[in-house]
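# Structural features, examined
The lines below spell out each chain.
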Amino acid sequence: MSNKIIMPWEERPQGSTDVMWRYTGNPVIGRYHIPSSNSIFNSAVVPFKNGFAGVFRCDDKAVRMNIFAGFSPDGINWKIDHEPIRFKPGNTAMIDSEYKYDPRVTWIEDRWWITWCNGYHGPTIGIGYTFGFEEFFQCENAFLPFNRNGVLFPQKINGKYAMLSRPSDNGHTPFGDIYISYSPDMVYWGEHRCVMKTTPFAQSAWQCTKIGAGSVPFLTKDGWLMFYHGVITTCNGFRYSMGAAILDRNNPAKVLYRTNEYLLAPAAPYELQGDVPNVVFPCSALQDGNRVAVYYGAADTAVALAFGYIPEILEFIKRTSN
Ligand code: BMA
C-alpha cells in the first residue's frame, strides 16, 4: 500500500492481551447505510487511488442478495452506490446470475478481480473483473454448483491463477473443507487439491463443522497469511469465528500452521444480535507494514473491523498450531 494511504487503525485497548481487537467505532457500516438495504455485511475492501474501494454485499428489503461498489477516503466513511454492480460479458456471454453474495476482491497484474457466491442453479463461484470500479465484466463461473467462499491469490503461483474454495450443498451446508484449484486462463479450473479440513471436536470445536477461506492471502516472511472462518454447530445453530493459517509460499495446498484457538469469536453486541446471530465472517484484510485491518461481516447484518500486528498474529498461529 502506498505511504500516502492511511489505513484504518486503532491501537490495542489498554489492558487487553488479545492478539486481535475490535474497532471502537464498530460497526463501520450499518444495515441501513443505503436506502434499499436490509443488511450490509460480508464485504471486501481494497486500497484504491488515494483511498479505498470496496465491493459490498447488500441484501435489499425483499432480501435479494447482490453486490454493490463503494468508495471511501479513509476506509471508515463509505459512499456505497445505490444500484448494484451491472456486469457486462467478460470472457463469456453466459453471465446468468440469480443472486450474488459474499464478494472478495484481488488485484492481479493489471486489474481488480472479484469473486463471489453466484446463483447458477444453486451457489457456485462467480468471477469478474474491473479496471477502475466503474465498468465491470463477468467471466465464466469457476466451478460446478455447489461451492462457496472462492478466494483468489493475489498473484499467479507457478504460472497459474490460484483459488481457494469450499465445495458445499444447496442449503446451509453442515460440512465443508477448503480446497485449492488452478487455472491458466480464468476459464478452466483444475488440479484441485485439499488444503484444510475441519478439526476434531475435542481438539478445536469452534472449527469442527465447516471452514471457509476469508480474506485474500498475503505474503509474509513465513508464507501466505490467510484469515478464515470456522463453524461449530450449537443447540441454537451455527456459530462463525475467525482463525488464520500460514500456507506454503510455493505450494499453498500445504498448511504450515493453523490456529487451534480462534482469533476473534462472536462476543460484541453487533456480532451476537442481528439477522443471523453469532457470526464473525472475514472477507478482506488491508495491510500496512506490520499492521493488518480485517473487515468482517457481523451477524449477517453489518460490516465491522478488527486490527492486529502481523508479527504477533504469525507468532500466535505458530504457537497455537497443532
Ligand atoms: C453462510 C453464507 C454467509 C453467511 C453465513 C452465516 O452459509 O450464507 O453469507 O454469513 O452462512 O449465516
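Anything mentioned here points back to the structure above.
Below is a short write-up of the structure. (Residues numbered from 1 in each chain as written. Predicted model: local features only at pLDDT ≥ 70, side-chain atom pairs only at ≥ 80, totals over all residues. Heavy atoms only, no water.)

## Digging into the sheet that holds strand β9 (residues 123-130)
As summarised here, the arrangement of the 5 strands in space is β6-β10-β9-β8-β7, forming an open sheet in which the pairing is mixed. Sheet topology places β6 (87-89) and β7 (100-108) at the edges, where each strand pairs with a single neighbour. Between one strand axis and the next, the sheet turns through 35° on average, direction left out of account. Where strand β8 (residues 111-119) meets β9, 8 bridges bridge the pair, whose relative direction is antiparallel. Paired with C117 across the two strands is I125, which belongs to β9. (Pairing = 2+ DSSP bridges. Helix = DSSP H or I, 4+ residues; strand = E, 2+ residues; numbered from the N terminus. Axes fitted to C-alpha atoms, helices over the stretch in contact; angles between N-to-C directions.)

## Examining the pattern of salt bridges
When the charged atoms of two side chains lie near each other, side chains of opposite charge can form a pair. Considering all chains together, one arrives at 15 salt bridges under this definition. Across the pair R22 and E271 runs a salt bridge whose closest N-O atoms are separated by 2.8 Å. Highlighted residues: R22 in strand β1 (residues 20-22) and E271 in helix α1 (residues 269-272), separated in sequence by 249 residues. The exposure class assigned to R22 is partly exposed, which follows from its relative accessible area of 23%. Assessed through its relative accessible area of 0%, E271 is described here as buried. The residue R57 makes a salt bridge to D59 at a minimum N-O spacing of 3.0 Å. No difference in accessibility class separates R57 from D59, as the two residues are buried. Each of the salt bridges in this network shares a partner with another, and the network as a whole consists of R57, D59 and D102. (Salt bridge = Lys/Arg side-chain N within 4 Å of Asp/Glu carboxyl O. Buried < 20%, exposed > 50% of the residue type's maximum accessible area, 1.4 Å probe, protein only.)

## Some details on the packing of aromatic side chains
Per the stated rule, a full pass over the model turns up 25 aromatic pairs. Summarising the aromatic geometry, the rings of W107 and W112 are spaced 5.0 Å apart at their centres and angled 65° between planes, so their arrangement reads as edge-to-face. With a centroid separation of 6.0 Å and 20° between ring planes, the pair formed by W206 and Y228 is classed as stacked. You can see W206 sitting in the loop between β14 (190-196) and β15 (210-213) and its partner Y228 sitting in strand β17 (residues 223-234), a full 22 residues away along the chain. Linked through ring pairs, F48, F71, F87, W107, W112, W116, F133 and F136 together constitute an aromatic cluster. Positioned above the aromatic ring of Y129, the side-chain terminus of R111 is 4.6 Å from the ring centre. A cation over an aromatic ring shows up here: K156 above the ring of Y161, its NZ or CZ 4.7 Å from the ring centre. (Phe/Tyr/Trp six-rings, centres within 6.5 Å; stacked < 30°, edge-to-face > 60°. Lys NZ or Arg CZ within 6 Å of the ring centre and 35° of its normal.)

## Some remarks on the state of the cysteines
Each disulfide is one covalent bond, formed between the sulfur atoms of two cysteines. The final tally for this structure, using the stated rule, is 0 disulfides. Of the cysteine sulfurs around C58, a residue in no disulfide, the closest is that of C283, at 13 Å. On the basis of relative accessible area, C58 is assigned to the buried category, the value being 2%. (Disulfide = S-S within 2.5 Å.)

## Overview of the site of the ligand
Near the ligand, the surroundings consist of N42, R57, D102, Y240, V276, V279, F281 and D300. The contact in question runs from an oxygen atom of the ligand to an N or O atom on the side chain of R57, over 2.8 Å. Contact between the ligand and D102: an oxygen atom at 2.6 Å from a side-chain N or O atom of the residue. Computed on the free molecule, the ligand has an accessible area of 310 Å², of which 86% lies beneath the protein chains in the complex. (Near = heavy atom within 4 Å. Polar contact = N/O pair within 3.5 Å; in protein donor to acceptor, adjacent residues only side chain to side chain. Areas by Shrake-Rupley, 256 points an atom, 1.4 Å probe, with all protein chains shown as cover.)

## What to know about the sheet that holds strand β20 (residues 280-288)
Taken in spatial order, the 4 strands line up as β1-β22-β21-β20 in an open sheet, and their pairing is antiparallel. At either end of the open sheet lies a strand with only one pairing partner, and these are β1 and β20. Strand-to-strand, the axes of this sheet are offset by a mean angle of 30°, without reference to chain direction. Sheet analysis places β20 next to strand β21 (residues 291-298), joined by 8 bridges and oriented antiparallel. The partner of P282 across the bridge, within β21, is Y296. Strands in contact with helix α2 (residues 310-320) are β1, β20, β21 and β22 (302-309); relative to β22, the strand with the most contacts, it is inclined by about 85°. (Contact = heavy atoms within 4.5 Å.)

## Some details on the side chain of S284
For S284, the location among the structural elements is in strand β20. Only 3.1 Å separates the side chain of S284 from the backbone nitrogen of V45, close enough to count as a polar contact. Apart from the residues within four sequence positions on either side, S284 is in contact with S43, A44, V45, S215, A293, V294 and Y295.

## Looking at the pairing of β17
Taking burial as the measure, the 12 residues of β17 include 10 buried ones, the bulk of the element. The sheet contact formed by β15 and β17 spans 4 bridges and is antiparallel. Pairing of I211 across the sheet is with G230, part of β17. As defined by bridge partners, strand β16 (residues 218-220) adjoins β17 across 3 bridges and the pair is classed as antiparallel.

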